Amino acid sequence: MGNIAADDRDPDCIFCKIVAEEIPSDRVYEDDQVIAFRDLHPKAPLHVLVVPRRHRRDVRELAEQPELLARTASVASKVASDLGDGDFRLIFNTGASAGQTVFHVHAHVLAGGSLAEEEM
Ligand code: 5GP
Ligand code: ZN
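Everything numeric in this text was worked out from a predicted model, so none of it was measured.

Caption draft 1: View of the coordination of the zinc ion (ligand 2). Protein-derived coordination of the zinc ion (ligand 2) comes from Cys13 (SG), Cys16 (SG), His55 (ND1) and His104 (ND1), at a distance range of 2.0 to 2.3 Å. In this structure, the zinc ion (ligand 2) is coordinated by four donor atoms arranged in tetrahedral fashion, with angles at the metal of 107 to 116 degrees. Of note, the zinc ion (ligand 2) draws all its donor residues from one chain, in the sequence arrangement C-x2-C-x38-H-x48-H. Of this pair, Cys13 sits in the segment before α1 (14-19) while His104 sits in the loop between β4 (89-91) and β5 (107-111), and the two are 91 residues apart along the sequence. Residues Cys13 and His104 agree in their burial class; the two are buried.

Below, the structure written as structure tokens:
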């Protein structure tokens, strides 16, 4: 930790600041590659964001590093098991017109309640 290269960080990015602990968050998981914290405005009983430490704009860019994408997915699964019953919905909003508002890739882990009956 702490040795993220300069080109892996965007000085204006809110999630880079959360990764660097310059902005507080309710962390539920961290390792050397990925952190996970609770969404400020939860849209499900369990709503966690899984965020690679390196600044990547979206899942298209993250997919250029398949191991990091796989780590992100497996951390999502671990969080859903540790904090819920193991079932979850995984969402990457990609692009403004798809609802992306923070341009540092993050996987939304949504779980609990009646997700099965909801529309996407
Ligand atoms: P997006 O719309 O980009 O897919 O998702 C961004 C998410 O980040 C939103 O669900 C929003 O509530 C969450 N968010 C934005 N700023 C913060 C913050 O400073 N802290 C936390 N914990 N979540 C944030
Ligand atoms: Zn960032």
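Caption draft 2: Looking closely at unusual backbone geometry. Positive phi, close to 60 degrees, is recorded for Glu21, a residue that is not glycine. You can see Glu21 is positioned in the loop between α1 and β1 (27-30). You can call Glu21 exposed: its relative accessible area is 60%.

Caption draft 3: Representation of the site of ligand 1 within the structure. Taken together, 17 residues lie around ligand 1, and Asp39, Asn93, Gly99, Thr101 and His108 are the ones closest in. In this structure, an oxygen atom belonging to ligand 1 sits 3.0 Å away from a side-chain N or O atom of His106. When ligand 1 sits alone it has 520 Å² of accessible area, and the protein chains cover 86% of it. Listed by contribution, the elements that provide at least two residues to the shell around ligand 1 are α1 and β2 (34-38). Residues that form the shell around ligand 1 fall into these classes: seven nonpolar, seven polar and three charged.

Caption draft 4: Highlighting the pattern of salt bridges. Applying the stated rule across the entire model yields ten salt bridges. The salt bridge partner of Arg54 is Asp8, with a shortest N-O separation of 3.3 Å. Of this pair, Arg54 sits in the loop between β3 (46-52) and α2 (59-62) while Asp8 sits in the segment before α1, and the two are 46 residues apart along the sequence. With a relative accessible area of 29%, Arg54 lands in the partly exposed category. Two residues, Arg71 and Asp32, come together in a salt bridge whose shortest N-O distance is 3.5 Å. Remark: Asp32 occurs in the loop between β1 and β2 and Arg71 occurs in helix α3 (residues 66-83); sequence separation between them is 39 residues. A relative accessible area of 29% places Arg71 in the partly exposed class. Overall, Asp32 belongs to the partly exposed group, its relative accessible area being 47%.

Caption draft 5: Structural context of the side chain of Asp39. Structurally, Asp39 can be placed in the loop between β2 and β3. Buried charged residue Asp39 carries no salt bridge. Nearest counter-charge: Lys43, at 4.8 Å. Beyond its immediate stretch of four places on either side in the chain, Asp39 contacts His47, Val48, Leu49 and His108.

Caption draft 6: Structural view of the packing of aromatic side chains. Taken as a whole, this structure holds one aromatic pair when the rule is applied. When the ring of Phe15 is compared with that of Phe37, the centres are 5.4 Å apart and the planes differ by 85 degrees; the resulting orientation is edge-to-face. Pair noted here: Phe15 is in helix α1 and Phe37 is in strand β2, with a separation of 22 residues, a long-range link. Comparing Phe15 with Phe37, the two get one shared label, buried.

Reading the values: rules and limits
Residues numbered from 1 in each chain as written. Chains lettered and ligands numbered in written order. Predicted model: local features only at pLDDT ≥ 70, side-chain atom pairs only at ≥ 80, totals over all residues. Heavy atoms only, no water. Donors = N, O, S within 2.8 Å, 3.2 Å for Na, K, Ca; no water. Tetrahedral: all angles 85-135°; square planar, octahedral: opposite > 155°, others 65-115°. Helix = DSSP H or I, 4+ residues; strand = E, 2+ residues; numbered from the N terminus. Buried < 20%, exposed > 50% of the residue type's maximum accessible area, 1.4 Å probe, protein only. Near = heavy atom within 4 Å. Polar contact = N/O pair within 3.5 Å; in protein donor to acceptor, adjacent residues only side chain to side chain. Areas by Shrake-Rupley, 256 points an atom, 1.4 Å probe, with all protein chains shown as cover. Nonpolar A, V, L, I, M, F, W, Y, C, P; charged D, E, K, R; others polar. Salt bridge = Lys/Arg side-chain N within 4 Å of Asp/Glu carboxyl O. Lys, Arg positive; Asp, Glu negative; His and termini not counted. Contact = heavy atoms within 4.5 Å. Phe/Tyr/Trp six-rings, centres within 6.5 Å; stacked < 30°, edge-to-face > 60°.

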